[in-house]
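Close look at the chain arrangement
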Amino acid sequence: MKILVLNCGSSSIKYKLFDMENHSVLAQGGIEKIGLKGSFLKLTLPNGQKVMLEGEILEHRIGIEYILGVLLSDKYGCIRSLEEIDAVGHRVVHGGEKFNKSVLITDEVIEMVKECIDLAPLHNPPNLKGINAIAEFMPKTPQVAVFDTAFHQTMPDYAYMYGLPYSLYEKYGIRRYGFHGTSHRYVSRRACEFLNVPYEEQRIITAHIGNGGSVTAIKNGKSIDTSMGMTPVEGLIMGTRSGDVDPGVITYIMDKEHLSSQGVSRLLNKFSGVLGISGVSSDMREIEAAIEQGNERAKLAMRMYNYRIKKYIGSYTAILGGLDILVFTGGVGENQTSTRSEVCKNMEYLGLELDEELNASVRAKEALISKSTSKVKVLVIPTNEELTIAHDTLEIVGWKIK
Ligand SMILES: Nc1ncnc2c1ncn2[C@@H]1O[C@H](COP(=O)(O)OP(=O)(O)O)[C@@H](O)[C@H]1O
Ligand SMILES: CC(=O)OP(=O)(O)O
Ligand SMILES: [Mg+2]
């Protein structure tokens, strides 16, 4: 039983081929710089070795064709025929209010995803291109859409509405949707399995902090609030995204800098956050290195970054009526011990006691990092969005698999 998972971004395609009998990864890699100069496919061989294949990959359809060709190739491949792939699961970023769970892709589903393009103009079009390419090259293979927004569809209206005229919600669907749902769902469940406690009875906060980042409050197994909004720019300070900003600032900058809506969107999404504040990088490893060298703006960026996460944890503890489990995940959450330590400082009043020594020793593996006396259990759980997509895909098309 083989399932191909695809994550089609605006200029990239990530893929993983799973053998679901034993959950092994048969092939993985990604294409970067689609439509740009110097596009390439990078794949990781089963022995861990990385291979770069250059190629002129002008658009997503060609990218998918290239990936399928590599999977079939004698040199780097692992299948003999595309028919060996039983199903394809896609990460689809925005499902609007139409999807609260993963679904089998049909013409009707494609139409509904198209209707969500206005809400995610950067994300949904490449997702659709991936779906269409697979339909063309593998017309008989079932495809499943797994939405970033689906897990958050349980948020109550008073959490997802903005304080704007109600008619804007009715006309355009302007409300908070939240993202990274596949990750928040996976790590919260894994944390409960790890601790051997019932998922439906916990007050959990999950902090998915990678290049993009969001914090989610989960009560009795359901997302009740999350820090991203209608788009993935709200909430935390991220690698290149601003997170929460006074909306008055936006119109002020537009006037002063003569920026169009597109210009200000680029500013908020690509040139803000840790990169914009530090002037150094969006990568937290480079921020840590700059701090070592005494860079004051890098220090400020790091402080702001950690402070914002802590602030969300505080407010979500209030709406949950207390906290049982705090989970860190994502590239930063899994690896950057200093952020976990700063975020968890002076939280004893909540019953949260981080074991500093344990914390400092944990990178990219499942572990409990709170003291045994801590009422709040703090965990690191590496996320696995691809495996979750593969599982959803298997569940949905399972009956079709030979
Ligand atoms: N060892 C590390 N220490 C600190 N930060 C790290 C480390 N490894 C990765 N990161 C951070 O994680 C980010 C990538 O996280 P990831 O969750 O993979 O992002 P995304 O899926 O959003 O592309 C990098 O930009 C970097 O800031
Ligand atoms: C939806 C989204 O923001 O994803 P990422 O943070 O992975 O870019
Ligand atoms: Mg990510």
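About the cut-offs
Residues numbered from 1 in each chain as written. Chains lettered and ligands numbered in written order. Predicted model: local features only at pLDDT ≥ 70, side-chain atom pairs only at ≥ 80, totals over all residues. Heavy atoms only, no water. Near = heavy atom within 4 Å. Polar contact = N/O pair within 3.5 Å; in protein donor to acceptor, adjacent residues only side chain to side chain. Areas by Shrake-Rupley, 256 points an atom, 1.4 Å probe, with all protein chains shown as cover. Nonpolar A, V, L, I, M, F, W, Y, C, P; charged D, E, K, R; others polar. Domains from an automatic or database assignment. Buried area = accessible area lost by both parts, 1.4 Å probe. Salt bridge = Lys/Arg side-chain N within 4 Å of Asp/Glu carboxyl O. Helix = DSSP H or I, 4+ residues; strand = E, 2+ residues; numbered from the N terminus. Phe/Tyr/Trp six-rings, centres within 6.5 Å; stacked < 30°, edge-to-face > 60°. Buried < 20%, exposed > 50% of the residue type's maximum accessible area, 1.4 Å probe, protein only. Lys NZ or Arg CZ within 6 Å of the ring centre and 35° of its normal. Core = buried A, V, L, I, M, F, W, Y, C linked by side-chain atoms within 4.5 Å. Contact = heavy atoms within 4.5 Å. Expected span 1.5 Å × (residues − 1). Pairing = 2+ DSSP bridges. Axes fitted to C-alpha atoms, helices over the stretch in contact; angles between N-to-C directions. Arc of directions from axis to C-beta. Parallel < 35°, antiparallel > 145°, perpendicular 65-115°, else oblique. Left-handed = near helix turned anticlockwise from the far one by under 90°.

The subject of this paragraph is the site of ligand 2. For ligand 2, the full set of nearby residues is Arg 91, Val 93, Asp 148, Phe 179, His 180, Gly 212, Met 228, Pro 232 and Arg 241. At 3.1 Å, a side-chain N or O of Arg 91 approaches an oxygen atom of ligand 2. Arg 241 has a polar side-chain atom sitting 2.7 Å from an oxygen atom of ligand 2. Starting from 260 Å² of accessible surface for ligand 2 in isolation, the protein chains cover 80%. Of the residues assigned to the shell around ligand 2, the class counts are 4 nonpolar, 2 polar and 3 charged.

Moving on, we come to the domain arrangement of the protein chain. We note that the domain assignment places domain 1 (2-147) and domain 2 (196-385) within the protein chain. Between the C-alpha centres of domain 1 and domain 2 the distance comes to 28 Å. Between domain 1 and domain 2, a total of about 350 Å² is buried, with carbon and sulfur atoms accounting for 53% of that surface. Scanning the region where domain 1 abuts domain 2 turns up 0 salt bridges. Inspection of the domain 1/domain 2 interface yields 1 residue pair in polar contact (both at pLDDT 80 or more). Class assignment of the residues belonging to the side of domain 1 that touches domain 2 gives a composition of 1 nonpolar, 2 polar and 1 charged.

Next up on the list: the site of ligand 1. In the neighbourhood of ligand 1, the contacting residues comprise Gly 210, Asn 211, Gly 212, Asp 283, Met 284, Arg 285, Gly 330, Gly 331, Val 332, Asn 335 and Gln 336. In this structure, Asn 211 approaches ligand 1 through a main-chain N or O atom, which is 3.2 Å from an oxygen atom. Take Arg 285: an N or O atom from its side chain is 3.5 Å from a nitrogen atom of ligand 1. Bound to the protein, ligand 1 loses 69% of the 580 Å² it would expose on its own. With 4 residues, helix H12 (residues 330-335) is the single largest residue contributor to the shell around ligand 1. Across the shell around ligand 1, the residue classes break down as 2 nonpolar, 7 polar and 2 charged.

In this section: the packing of aromatic side chains. Applying the stated criterion to the full structure yields 4 aromatic pairs. Geometrically, the ring pair formed by Tyr 160 and Tyr 169 is tilted, given 6.3 Å between the ring centres and 45 degrees between the ring planes. Look at Tyr 169 and you get buried, because its relative accessible area is 14%. When the ring centre of Tyr 160 is taken as origin, the NZ or CZ atom of Arg 175, which lies over that ring, is 3.5 Å away. Of note, Arg 175 hangs over the ring of Tyr 177, and the distance from its end group to the ring centre comes to 4.6 Å.

What follows is about the nonpolar core. In this structure, Ile 205, Tyr 305, Leu 326, Phe 328 and Val 378 are the most contacted members of the largest nonpolar core, which totals 41 residues. Of all the secondary-structure elements, those providing two or more residues to this core are strand E9 (203-209), strand E10 (213-219), helix H9 (273-278), helix H10 (284-292), helix H11 (296-320), strand E12 (325-329) and strand E14 (377-380). By residue number, the principal contributor to this core is H11, which donates 9 residues. With residues near it in sequence (within four places) discarded, Tyr 305 still touches Ile 209, Gly 210, Ile 237, Met 238, Val 274, Met 284, Val 332 and Thr 339. Formed by 26 residues, the second largest nonpolar core is a distinct cluster that contains Tyr 15, Leu 17, Leu 41 and Val 88.

Between the first and last C-alpha of H11 there are 36 Å, a value that for 25 residues agrees with the 36 Å anticipated at 1.5 Å per step. Looking at H11, one finds that the buried residues are Ala 298, Ala 301, Met 302, Tyr 305, Asn 306, Arg 308, Ile 309, Tyr 312, Ile 313, Tyr 316, Thr 317 and Leu 320. Where H11 starts, the residue carrying a side-chain oxygen 3.0 Å from the main-chain nitrogen of Arg 297 turns out to be Asn 295. Of the residues trailing H11, Gly 321 is marked for its positive phi of about 70 degrees.

Attention now goes to the sheet that holds strand E6 (residues 85-92). Taken in spatial order, the 8 strands make up an open sheet running E5-E4-E3-E2-E1-E6-E8-E7, and their pairing is mixed. Edge strands, defined here as strands with exactly one partner in the open sheet, are strand E5 (50-54) and strand E7 (103-104). Bridge analysis of E7 against strand E8 (residues 143-147) gives 2 bridges, and the strand direction is antiparallel. Of the residues in E8, the one forming a bridge with Val 103 is Ala 145. Across the sheet, helix H3 (residues 124-137) lies against strand E1 (2-8), E6 and E8, angled at about 170 degrees from E6, the strand it touches most.

Judged by how many residues are buried, E8 sits mostly within the fold: 5 of 5 residues are covered. As paired strands, E6 and E8 are joined by 5 bridges and run parallel to one another. In the strand pairing of E8, Val 88 is matched with Gln 143.

Moving on: helix H8 (residues 261-270). Side chains three or four residues apart in an α-helix point the same way, a direct result of the helix having 3.6 residues per turn. Of the residues making up H8, those classed as buried are Gly 263, Val 264 and Leu 268. For H8, the angular spread of buried residues about the axis comes to 130 degrees, placing them on one side. Buried residues belonging to H8 abut helix H7 (247-257).

Put simply, H7 and H8 touch, their axes get as near as 10 Å, and they point 120 degrees apart. Our classification of the angle between H7 and H8 gives oblique. At the point where H7 passes H8, the crossing takes the right-handed sense. Contacts between H7 and H8 involve Ile 250, Ile 253 and Met 254 from the first element and Ser 261, Val 264, Leu 267 and Leu 268 from the second.

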